[in-house]
Amino acid sequence: MKILVTGGAGYIASHTNLELLNAGYEVVAIDNLSNSCMESVQRVEKLTGKKIQFYEGDILDKEYLLRIFAIEKIDAVIHFAGLKAVGESCAIPLKYFNNNVSGTITLLEAMKESNVQNLVFSSSATVYGDPVSVPVTEDFPLSVANPYGRTKLMIEEMLNDLYQSDSTWNIAVLRYFNPIGAHESGEIGEDPNGIPNNLVPFVAKVAAGVLDTINVFGDDYDTPDGTGIRDYIHVVDLALGHIKAIEKLVTNPGLVTYNLGTGVGYSVLDIIHNYEKACNKKLPYKVTARRPGDIATSYADSSKALRELGWRAERSIDKMCEDSYRWQSRNPNGYLCK
Ligand code: UD1
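All values reported here derive from a predicted model rather than from experimental measurement.

Draft legend 1. Molecular detail of the state of the cysteines. Scanning the entire structure with this criterion turns up 1 disulfide. Between the sulfur of Cys-37 and that of Cys-337 lies a disulfide, 1.7 Å long from S to S. Between Cys-37 and Cys-337 the sulfur-sulfur dihedral comes to about -60°; the bridge is accordingly left-handed. Placement of Cys-37 in the loop between strand E2 (26–31) and helix H2 (38–48) and of Cys-337 in the segment after helix H11 (317–330) is noted, with a sequence separation of 300 residues between them. Using a relative accessible area of 2% as the deciding quantity, one classes Cys-37 as buried. There is no disulfide at Cys-279, and the cysteine sulfur nearest it, in Cys-321, is 9.0 Å away. Since its relative accessible area comes to 8%, Cys-279 is described here as buried.

In structure tokens:
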């Protein structure tokens with residue numbers, strides 16, 4: 001089977017490409033490289049000894065997409081391409097709606113015109129807003145607090161309407177909790193532009209000596225140690241979830257939605273202390289104000305994915321921190337294109 005991976009040079013995509021190739025799939029990738037490097041694609045090729053057919057371009061360019069679908073015989077699309085910085089999405093919302101929502105519409109049109117109707121979509125636990133309780137199941141009410149989250153929810157709603165109008169589509173919506181870690185080779189990993197927004201990339205840069213002090217955004221939440229609790233999931237487990245989703249699409253399931261998380265919550269301080277074990281040094285941190293829009297606690301009930309996909313996250317928090325640190329210490333400034 002041949003899979004088109006949009007945003008194919010990105011963090012989750014590079015790990016998914018690797019697992020796809022190892023599982024015997026052919027991979028075609030498209031990326032505009034606005035927030036990623038070709039080097040991740042090359043490193044995956046080196047790690048697997050297999051080739052990725054790479055197209056540099058934008059999913060907003062329908063003619064380009066149609067050309068790719070005409071050249072390659074694509075069986076399914078995994079759609080990662082999108083902007084993902086919450087703060088930036090508040091500052092420049094139209095860019096987010098254009099890239100994420102219009103980009104997805106263009107992709108769906110090109111797929112339909114090319115008779116490719118199998119899609120895995122990268123959604124986010126952000127669509128649950130501030131959940132009324134934990135763990136969160138897929139049927140919880142949905143709400144969002146920022147333009148980034150709104151793009152994810154709008155796309156989910158669009159996919160629902162599309163499926164209602166035409167049940168020949170097969171669509172797996174995957175709601176990721178907090179992906180962290182890296183491939184254990186230390187060759188591919190997360191490489192955000194500038195100062196990281198997310199906790200673990202920030203901690204990784206402090207551990208690697210690139211940044212000085214971790215800011216803990218509030219210690220007065222209603223949690224055991226007062227800091228926010230999230231469901232951190234190893235990116236390789238997440239990548240393997242995409243393989244299971246592709247296997248599911250082949251059985252013509254229609255539209256299906258799954259949480260991909262571990263079901264276990266860790267606080268900010270838990271993460272810092274686990275990371276200290278992984279890098280074998282003390283990591284300086286200070287407690288600062290809460291970050292607007294943050295919630296106290298979120299973690300997944302992923303039992304539906306286990307039941308219906310036969311998938312469960314297997315890698316521990318220790319492994320997540322060790323693999324993250326291996327990547328960051330070997331590549332303190334990320335990929336070389338930055
Ligand atoms: C964030 C986004 C979410 C997105 C997800 C994946 C926000 C408000 N939410 O989730 O929409 O889907 O990333 O990219 O940005 N923290 C610190 N110090 C830091 C950074 C974070 O203490 O420097 C804390 C946060 O308050 C939170 C936890 O660490 O309790 C995790 O934060 P982060 O890694 O940014 O993920 P989320 O906020 O869960």
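Draft legend 2. Geometry of the side chain of Thr-223. By secondary structure assignment, the location of Thr-223 is in the loop between strand E8 (214–217) and strand E9 (229–230). Those residues in contact with Thr-223 that lie beyond four places of it in its chain are Ile-229, Ala-296 and Thr-297.

Draft legend 3. Structural view of the environment of Ala-125. By secondary structure assignment, the location of Ala-125 is in the loop between strand E5 (118–124) and helix H6 (147–165). Using a relative accessible area of 11% as the deciding quantity, one classes Ala-125 as buried. Between the C-alpha atom of Ala-125 and that of Glu-322, which follows or precedes it by 197 residues, the distance is 24 Å. Residues within four places of Ala-125 in sequence aside, it is in contact with Arg-175, Tyr-176 and Phe-177.

Draft legend 4. Quick peek at H2. Listing the buried residues of H2 in full gives Glu-39, Ser-40, Val-41, Arg-43, Val-44, Glu-45 and Thr-48. As for H2, its buried residues are in contact with helix H1 (11–22), strand E3 (52–56) and H11. Once H2 ends, the next one or two residues include Gly-49, with phi positive near 70°.

Draft legend 5. Main features of empty space enclosed by the protein. As enumerated under the stated definition, the model contains 1 cavity of 30 Å³ or more in all. In this structure, the largest cavity occupies an estimated 80 Å³ of space. Along its surface, the largest cavity is lined by Tyr-11, Ile-180, Gly-181, Ala-182, Glu-190, Val-200, Pro-201, Ala-204, Ser-324, Trp-327 and Gln-328. Mapped onto the lining of the largest cavity, the elements with two or more residues apiece are helix H7 (199–207) and H11.

Draft legend 6. Structural detail: the site of the ligand. Taken together, 17 residues form the shell around the ligand, and within it Leu-199, Asn-215, Arg-230, Arg-291 and Asp-294 come nearest. Between the ligand and Asn-215, the relevant distance is 2.6 Å, taken from a nitrogen atom to a main-chain nitrogen or oxygen of the residue. Phe-217 is positioned with one of its backbone polar atoms (N or O) 2.9 Å from an oxygen atom of the ligand. For the ligand, whose free accessible area comes to 730 Å², the fraction covered by protein is 89%. At 3 residues, E8 tops the list of elements feeding residues into the shell around the ligand. Residue classes in the shell around the ligand are distributed as 7 nonpolar, 7 polar and 3 charged.

Draft legend 7. Quick peek at the packing of helix H3 (residues 62–71) against helix H5 (residues 93–113). Between H3 and H5, whose axes approach to 9 Å, the crossing angle comes to 35°. With respect to the hand of their crossing, H3 and H5 are arranged in right-handed fashion. Seen from H3, the contacting residues are Lys-62, Leu-65, Leu-66 and Phe-69; seen from H5, they are Thr-106, Leu-107, Glu-109, Ala-110, Met-111 and Glu-113. By residue class, the composition of the contact of H3 with H5 is 6 nonpolar, 1 polar and 3 charged.

Draft legend 8. Looking closely at the sheet that holds E2. Read across the sheet, 7 strands follow the order E3-E2-E1-E4-E5-E6-E11 without closing on themselves; strand pairing throughout is parallel. What marks the edges here is a single partner per strand, and that holds for E3 and strand E11 (255–260). If you compare each strand with its neighbour and ignore which way they point, the axes differ by 20° on average. Strand contacts of H1: strand E1 (2–6), E2, E3, strand E4 (76–79) and strand E6 (170–176), with the helix running at about 170° to E1, the strand carrying the most contacts.

Draft legend 9. Highlighting the packing of H7 against helix H9 (residues 268–279). Remark: H7 packs on H9, axes separated minimally by 11 Å, with the N-to-C direction vectors making an angle of 35°. Viewed along their axes, H7 and H9 form a crossing whose handedness is right-handed. Residues Leu-199, Val-200, Val-203, Ala-204 and Ala-207 of H7 form the contact with H9, whose own contacting residues are Val-268, Ile-271, Ile-272, Tyr-275 and Cys-279.

Draft legend 10. Region of interest: H11. Counted at 1.5 Å a residue, the expected span for H11 with its 14 residues is 20 Å, and the 20 Å between its end C-alpha atoms agrees. Every buried residue of H11 is accounted for by Ile-317, Met-320, Cys-321, Asp-323, Ser-324, Tyr-325, Trp-327 and Gln-328. Buried residues in H11 make contact with H2, strand E7 (178–180), H7, strand E10 (232–234), strand E12 (266–267) and H9.

Draft legend 11. Quick look at the environment of Asn-197. Looking at the secondary structure, you find Asn-197 in the loop between E7 and H7. Placed 30 residues apart in sequence, Asn-197 and Thr-227 show a C-alpha to C-alpha distance of 17 Å.

Draft legend 12. Structural context of the pattern of salt bridges. Within the structure shown, the criterion is met by 15 salt bridges. Notably, a salt bridge pairs Asp-237 with Arg-315, separated by 2.6 Å at the nearest N-O pair. On the criterion of sequence distance, the pair formed by Asp-237 in helix H8 (residues 235–249) and Arg-315 in the loop between helix H10 (303–309) and H11 is long-range, its members being 78 residues apart. With a relative accessible area of 2%, Asp-237 lands in the buried category. Relative accessible area serves as the criterion here: at 25%, Arg-315 is assigned to the partly exposed category. Residues Arg-291 and Asp-294 are paired through a salt bridge, measuring 3.1 Å at the closest nitrogen-oxygen approach.

Rules of the game
Residues numbered from 1 in each chain as written. Predicted model: local features only at pLDDT ≥ 70, side-chain atom pairs only at ≥ 80, totals over all residues. Heavy atoms only, no water. Disulfide = S-S within 2.5 Å. Helix = DSSP H or I, 4+ residues; strand = E, 2+ residues; numbered from the N terminus. Buried < 20%, exposed > 50% of the residue type's maximum accessible area, 1.4 Å probe, protein only. Contact = heavy atoms within 4.5 Å. 1 Å grid on protein atoms, 1.4 Å probe; cavity = no way out; pocket = protein on both sides within 12 Å on 5 of 7 lines; lining within 4 Å. Points joined across faces, edges and corners; volume = space filled by probe spheres on them. Near = heavy atom within 4 Å. Polar contact = N/O pair within 3.5 Å; in protein donor to acceptor, adjacent residues only side chain to side chain. Areas by Shrake-Rupley, 256 points an atom, 1.4 Å probe, with all protein chains shown as cover. Nonpolar A, V, L, I, M, F, W, Y, C, P; charged D, E, K, R; others polar. Axes fitted to C-alpha atoms, helices over the stretch in contact; angles between N-to-C directions. Left-handed = near helix turned anticlockwise from the far one by under 90°. Pairing = 2+ DSSP bridges. Expected span 1.5 Å × (residues − 1). Salt bridge = Lys/Arg side-chain N within 4 Å of Asp/Glu carboxyl O.

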